[in-house]
Amino acid sequence: MRFLKIAWEWFDERTDASKVIGPILKHPVPPNTGWKYVFGSATLVAFLIQVVTGIALATAYVSSAGQAYESLKWITDKAFLGHLMRGMHYFGASAMVLLVGMHMIRTFLTGSYKFPRELNWVVGVFLLGLTLLMGFTGQLLRWDQNGVWSTIVAAEQAGRVPLLGPWIARFLMGGQTVGAATLSRFFAYHVFFIPALIFGMVGLHLVLVLRHGISEPPKPSFPVNPKTYRAWYEDMLHQEGVPFWPDAAWRDAIVGVLVVACVMLLAWWVGPPELGTPPDPTVIQAYPRPDWYLLWYFAVLALLPHGSEDYVIVGAPLVAGVCLLVLPLVFNKGERAPSRRPWAVVSIIVIVSAVGVLWLEGDRAPWSPDFDNKALPATVVHAAGPDIANGAQLFHEKGCENCHNVSGYGGHRGPDLSHVGDRLSAQQIVLRILNGGNNMPAYASSMKPEDLNAIVAFLKSRRVGG
Amino acid sequence: MSEQMTEARRKFLSRLSLGAGGIISALIGLPVLGFLVAPLFERVGREWRGVGAVGDFEKGKTTEVRFEDASPLAWAGVTGKTGAWLRHQPDGQFAAYAINCTHLGCPVRWLPEAELFMCPCHGGVYYSDGTVAAGPPPRPLVRYPVRVRNGLVEILTSPTPIT
């Protein structure tokens, strides 16, 4: 211990480390910030997990389009603790997205974006965008079937930007097709470029926190007045401030431990996402889906009215980004307490509820046809005659069952037909099959009359109690 | 007098230093930027790739075919290939369709009994001639140029279709 003390004193004398770090650690912060102020540091801990496990993974991952998958299989199945590294990296990413969202909600609800911390909010919005980009590019690096096709879907969406779309798409792919150049580029973005931006932005974020101080827990009837706030804040800190270390920092430390513990436990018990089939753009059996934190956006794309995609894919992120960036410029003063800002509270409730519902729908994905459906068993068909049995078979073969559900079998893209015999007449069913609908193809040119009759007979037999 | 000269000199030296910083940034940044955006301007030649003999494809049927991209990089591995749906039409002509749905690019599947292409992502449906039958796709499946040469069906390599 004595040796350590001597070593530290030698180091400190030559670096003035304690003179620099000491004031930072012990700078006064408002009292009673409580547990709700931990999410920023918790996000930073999650980011550190990503950096450290990411470096570890990068020592074994081969970013060659032809070999990335094999190197990942080796990391997952053969490398010592490779399975844990991948799991920590995946759940660390999930934790980071969740915590950055919670941090943002907290700073919004406590009006911490108001004067003089407007710029910190702006930097935070960029960090949110960069975090989501890291999640997306990271998923692609798994470079399995899902990864390859998700890249193509991303390029298609980028292609919707007016004028520049095809150029952006080509830039994303690193060429005209998804191939060798694509993965190398995404590796560089994910490992070097975006993290460099995040490091810079986090540094700026922390400098601004130190510069302006942590916002005090808001009180009703204590609005922010830019003319008087700074003097009032300094005075408050002088009178009531407590040293950040350890009075406030202890909560950050405890939550940091919890974050790491949760990530490690999930990584150990649940494990990393399974690697899908090897990346082959010629394999048709693919169903690209984003990781859970973007499933809500996946649902938005699926539920958009026809013809509105171009506007939503490009316009919605643009409008959302502008609203977030402009928020502190427009609402930089006034009440901070949520009890005096009902619009702020309602908007959070609406956004969280909407995203939550979209998450659940994105997971269920009823709009996706069910290609794995089996032919209806005889116990469900209850065929009163050969026509009905034949109709049930054709219902499966003609792809109807991909989208329509009968007694628990089939997809949910279209209406449930379990009791359609009670609802529609035979003529109505014929018209619908032949003419199709908004989301249903017209079978007029591809359905033989005898097949049509059999399917209609089968569907008319679908009744309650039938 | 000497104080004024010192100020003027300082101003000049400041501008000189900032200019030097600008030159350093340009000397490093421009070639790097050029390297990064090069794929946007690269002229990739298109090549005809054989996908099978005419006799391999039954009339009236649609089959999945695979072919190598034009000039894939040596380390592309399996990602250097592209898939397409090839239809041998009843009149003997061939039509090749990109497997990418025109909605958001997911690979469409062919349902032979239904004679329909169906997309797993959002339920887009196309008829056998690639026209939109139902769902969100805004336009028909992209067609690749196809020809028959000496009894061999060939498809012209093409960029990934971006809607």
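In what follows, the accompanying structure is described. No experiment lies behind these values; they were computed from the predicted model shown.

So, how was this worked out
- Residues numbered from 1 in each chain as written.
- Chains lettered and ligands numbered in written order.
- Predicted model: local features only at pLDDT ≥ 70, side-chain atom pairs only at ≥ 80, totals over all residues.
- Heavy atoms only, no water.
- Pairing = 2+ DSSP bridges.
- Helix = DSSP H or I, 4+ residues; strand = E, 2+ residues; numbered from the N terminus.
- Axes fitted to C-alpha atoms, helices over the stretch in contact; angles between N-to-C directions.
- Parallel < 35°, antiparallel > 145°, perpendicular 65-115°, else oblique.
- Contact = heavy atoms within 4.5 Å.
- Nonpolar A, V, L, I, M, F, W, Y, C, P; charged D, E, K, R; others polar.
- Buried area = accessible area lost by both parts, 1.4 Å probe.
- Salt bridge = Lys/Arg side-chain N within 4 Å of Asp/Glu carboxyl O.
- Polar contact = N/O pair within 3.5 Å; in protein donor to acceptor, adjacent residues only side chain to side chain.
- Buried < 20%, exposed > 50% of the residue type's maximum accessible area, 1.4 Å probe, protein only.
- Disulfide = S-S within 2.5 Å.

**Details of the sheet that holds strand β3 (residues 81-88) of chain B**
Next up, step 1: One open sheet accounts for 4 strands, arranged β2-β3-β4-β9 (chain B); its pairing is antiparallel. At either margin of the open sheet sits one strand with a lone partner, and together these are β2 (62-68) and β9 (143-144) of chain B.

**As for the packing of helix α16 (residues 386-397) of chain A against helix α20 (residues 449-460) of chain A**
All names here are of chain A.
Next up, step 1: Running from N to C, α16 and α20 point in directions that differ by 100°, and their axes come no closer than 7 Å. Taken together, the axes of α16 and α20 are roughly perpendicular relative to one another. Seen from α16, the contacting residues are Asp387, Ile388, Asn390, Gly391, Ala392, Leu394 and Phe395; seen from α20, they are Asp451, Asn453, Ala454, Ile455, Ala457, Phe458 and Leu459.
Next up, step 2: In terms of residue class, the contact of α16 with α20 is made up of 9 nonpolar, 3 polar and 2 charged.

**Focus: the interface of chain B and chain A**
Interface size, as often reported, equals the accessible area lost upon joining of the parts.
Next up, step 1: On the chain A side, the residues contacting the 55 residues of chain B number 61 residues.
Next up, step 2: Taking both partners together, chain B and chain A bury about 4,700 Å²; carbon and sulfur atoms supply 62% of that area.
Next up, step 3: Seen at the junction of chain B and chain A, the total is 0 salt bridges.
Next up, step 4: Linking chain B with chain A are 16 residue pairs in polar contact (both at pLDDT 80 or more).
Next up, step 5: Those elements giving two or more residues to the side of chain B that touches chain A turn out to be α1 (2-41), β2, β3, β5 (109-111), β6 (116-118), β7 (125-127) and β8 (132-134) of chain B.
Next up, step 6: Broken down by element, the residue count for the side of chain B that touches chain A peaks at 6 residues, all from α1(B).

**As for the environment of Met118(B)**
All names here are of chain B.
Next up, step 1: Tracing the sequence through the fold places methionine 118 in strand β6.
Next up, step 2: Its relative accessible area of 2% is what places methionine 118 among the buried residues.
Next up, step 3: For methionine 118 and alanine 133, which are 15 residues apart along the polypeptide, the C-alpha to C-alpha distance reads 9.5 Å.

**Concerning the packing of helix α6 (residues 118-141) of chain A against helix α7 (residues 145-158) of chain A**
All names here are of chain A.
Next up, step 1: Put simply, α6 and α7 touch, their axes get as near as 7 Å, and they point 135° apart. For the element pair α6 / α7, the angle class is oblique. Within the contact between the two elements, α6 uses Phe136, Gln139 and Leu140 and α7 uses Asn146, Gly147, Ser150, Thr151 and Ala154.
Next up, step 2: Its residues placed into classes, the contact of α6 with α7 shows 3 nonpolar, 5 polar and no charged.

**Overview of the pattern of salt bridges**
Next up, step 1: Tallying each qualifying case throughout the model produces 17 salt bridges over all chains.
Next up, step 2: A salt bridge links Arg14(A) to Glu13(A), with the shortest nitrogen-to-oxygen separation between them at 3.8 Å.
Next up, step 3: Looking at Glu13(A), the relative accessible area reads 64%, which means it is exposed.
Next up, step 4: Salt-bridge contacts for Arg49(B) lead to Glu68(B); the nearest nitrogen and oxygen are separated by 3.9 Å. Of this pair, Arg49(B) sits in strand β1 (residues 48-53) while Glu68(B) sits in strand β2, placing them 19 residues apart in sequence.
Next up, step 5: Residue Arg49(B) is classed as buried on the basis of its relative accessible area, which comes to 17%.
Next up, step 6: Under the relative-accessibility criterion, Glu68(B) is labelled partly exposed at 38%.
Next up, step 7: Among the charged side chains, a network of salt bridges with common partners joins Glu47(B), Arg49(B) and Glu68(B).

**Comments concerning the pairing of strand β11 (residues 152-156) of chain B**
Next up, step 1: Across the 5 residues of β11(B), 4 count as buried, placing the element largely inside the fold.
Next up, step 2: Hairpin connection, strand β10 (residues 146-149) of chain B to β11(B): the antiparallel pair is bridged by 2 residues, and Asn150(B) has positive phi, about 50°.

**A short note on the sheet that holds β6(B)**
Residue and element names in this part refer to chain B.
Next up, step 1: Pairing is antiparallel in the open sheet, where 4 strands are placed in the order β5-β6-β7-β8. Lying at the two open borders of the sheet, with one neighbouring strand each, are β5 and β8. Averaged over all pairs of adjacent strands, the angle between strand axes in this sheet comes to 35°, irrespective of strand direction.
Next up, step 2: Sheet topology places β6 next to β7; 3 bridges connect them, and they run antiparallel. By the bridge assignment, phenylalanine 117 is partnered in β7 with tyrosine 126.

**Section: the state of the cysteines**
Next up, step 1: Taken as a whole and judged by the stated rule, the model has 1 disulfide over all chains.
Next up, step 2: In this model Cys106(B) forms its disulfide with Cys121(B); the gap between the sulfur atoms is 2.0 Å. Sign of the S-S torsion, about -90° for the bond between Cys106(B) and Cys121(B), identifies this disulfide as left-handed. Remark: Cys121(B) occurs in the loop between β6 and β7 and Cys106(B) occurs in the loop between β4 (94-98) and β5; sequence separation between them is 15 residues. Considered together, Cys106(B) and Cys121(B) belong to a single accessibility category, that of buried residues.
Next up, step 3: Between Cys403(A), a cysteine without a disulfide, and Cys400(A), which holds the nearest cysteine sulfur, the sulfur-to-sulfur distance is 8.8 Å.

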